[in-house]
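# Examining the three-dimensional arrangement
Single-letter residue listing:
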Amino acid sequence: MKRLSLLFLIIFSSVAVFAEIPVSSAEAPLPAESSLPDRTSMIGISLGYTLSGFREETIFDTNRYINAFVFSIHSVLEKENFIHSFNAGFYSGRTELLVEHPVYNFEQVYYYQIKDIYTRVFLEYSLVRKLWGNDTFPGYLGGAVRGDLYLLETLDNPLYINLSLIASLNLYASQKWVINNKNSLVLTLSFPFFGYAARPHYAGFAWPLETGVTGLNNYWACFGSLKYYYKISSLFSLYSDIGFELSHIDFPSPRKDASLQIKIGAVYMY
């Protein structure tokens, strides 16, 4: 009987002690997602397809076309009224070209197919400041540093390559439209106004490359992107991206490029 009384006393004392312990922070209810601060900085990757073409007159005065998968990465860091952003992209594929041979025989035209691999890489860092609009429709303007690489390799002769490198300072503009707390659109445009380029003298393995300063007199281009974001949680968003390029450089011989890229991806918000 004494043992039973002692057991009841121990149980009662234990219950009384635990009843006095406060609920830990881990057991406290979490704040609603709507009360958490908005995450406006992000880093993401995307994959898609590009429809591209170019005319490189150091090789042939004719158009070439490339359809290939494209990979890109981009990050955005927002601080007060400023936005830092980084964008990079890459794709590579076989060119499609049917060249008309300049020799005629019995009023017939000869054709031949050139098998080339075309590689395209770009890197861009921009810094812009909010200059117009409100929290729903803010507009930004600033500058960017950009690097572009265009490489053409002939499969039949690995030494037969055509390489162009362009580094430029760009005028950079961005317009956001915050539709609601889950949907938003971002349009960006980049225009080079000063730079430095290395270009081939002629077709083939031509070293050293001809180099020179680029400006509005010999290099015109527009690089753009329209991104749609759909927020699936406070940490992740899905997005689609329609990007385009129009460019024309004039030395030592003209080169023209055009491309349309359609991509989908995901971003991590922080």
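Located above this text is the structure these notes cover.
Described below are features of the structure shown in this document. Quick caveat, the model's predicted, so the values are computed rather than measured. (Residues numbered from 1 in each chain as written. Predicted model: local features only at pLDDT ≥ 70, side-chain atom pairs only at ≥ 80, totals over all residues. Heavy atoms only, no water.)

## Thoughts on the overall build of the chain
Along the backbone of the chain there are one helix and 13 strands. The order of α-helices and β-strands along the chain, N terminus first, is α-β-β-β-β-β-β-β-β-β-β-β-β-β. Looking at the 270 residues of the chain, the share that counts as buried comes to 39%. In the chain, 61% of the contacts between residues at least 6 apart in sequence involve partners at least 24 apart. Total accessible area on the chain stands at roughly 16,200 Å², and carbon and sulfur atoms take up 67% of it. (Helix = DSSP H or I, 4+ residues; strand = E, 2+ residues; numbered from the N terminus. Buried < 20%, exposed > 50% of the residue type's maximum accessible area, 1.4 Å probe, protein only. Contact = heavy atoms within 4.5 Å. Areas by Shrake-Rupley, 256 points an atom, 1.4 Å probe, with all protein chains shown as cover.)

## Points about the packing of aromatic side chains
All chains considered together, the criterion is met by six aromatic pairs. Measuring from centroid to centroid gives 6.3 Å for Tyr-91 and Tyr-118, while their planes differ by 50°, and the two rings are tilted. Residue Tyr-91 is found in strand E3 (residues 82-94), and its partner Tyr-118 is found in strand E6 (residues 116-132); the two are separated by 27 residues along the sequence. Owing to a relative accessible area of 3%, Tyr-91 belongs among the buried residues under this scheme. According to the relative accessible area criterion, Tyr-118 is buried, its value standing at 2%. What links up through ring pairs into an aromatic cluster is the set Phe-54, Tyr-91 and Tyr-118. (Phe/Tyr/Trp six-rings, centres within 6.5 Å; stacked < 30°, edge-to-face > 60°.)

## A few points about the side chain of Gln-175
Tracing the backbone shows Gln-175 in strand E8 (residues 161-178). With a relative accessible area of 17%, Gln-175 lands in the buried category. Of note is the side chain of Gln-175, whose polar atom sits 2.8 Å from the backbone oxygen of Pro-138. (Polar contact = N/O pair within 3.5 Å; in protein donor to acceptor, adjacent residues only side chain to side chain.)

## Brief notes about the nonpolar core
What tends to happen in soluble globular proteins is that the nonpolar side chains get buried as a cluster. With 16 residues, the main nonpolar core has Tyr-118, Ile-166, Tyr-219 and Ile-249 as its most contacted residues. Those elements that provide at least two residues to this core are strand E2 (64-79), strand E7 (139-154) and strand E11 (219-231). Met-42, Val-76, Tyr-172 and Val-267 belong to the second largest nonpolar core, which has twelve residues in total. (Core = buried A, V, L, I, M, F, W, Y, C linked by side-chain atoms within 4.5 Å.)

## Here's the deal with the pattern of salt bridges
In the structure shown here, the tally under the stated rule is 13 salt bridges. For Glu-124, the salt bridge is made with Arg-146, and the minimal N-O distance between the two is 3.5 Å. Here the residue Glu-124 occupies a position in strand E6, and Arg-146 occupies one in strand E7, the gap between them amounting to 22 residues. (Salt bridge = Lys/Arg side-chain N within 4 Å of Asp/Glu carboxyl O.)

## Quick notes on unusual backbone geometry
Most peptide bonds are trans, and most residues other than glycine sit at a negative phi. A cis amide bond links Phe-251 with the next residue in sequence, Pro-252, at an omega value of -10°. Assignment of secondary structure puts Pro-252 in the loop between strand E12 (236-249) and strand E13 (255-269). The residue Glu-80 is not glycine, and still its phi comes out positive at about 55°. Inspection of the secondary structure assignment puts Glu-80 in the loop between E2 and E3.

## Side note on the environment of Ile-83
Its location among the elements puts Ile-83 in strand E3. Given the relative accessible area of 8%, Ile-83 is considered buried. C-alpha separation for the pair Ile-83 and Thr-40, spaced 43 residues apart in sequence, amounts to 9.8 Å. Ignoring sequence-local partners within four residues, the contact set of Ile-83 consists of Val-76, Leu-77, Glu-78, Ser-126, Leu-127, Val-128, Tyr-140 and Lys-176.

## Re the pairing of E7
Bridge analysis of E6 against E7 gives 16 bridges, and the strand direction is antiparallel. Within E7, the residue paired with Asp-116 across the bridge is Thr-154. Counting the residues in the hairpin turn of E6 and E7 gives six residues, including Gly-133, whose phi is positive at 85°. Relative to E8, E7 runs antiparallel, the two being bridged by 15 bridges. Considered in E8, the bridge of Tyr-150 is made with Ser-164. (Pairing = 2+ DSSP bridges.)

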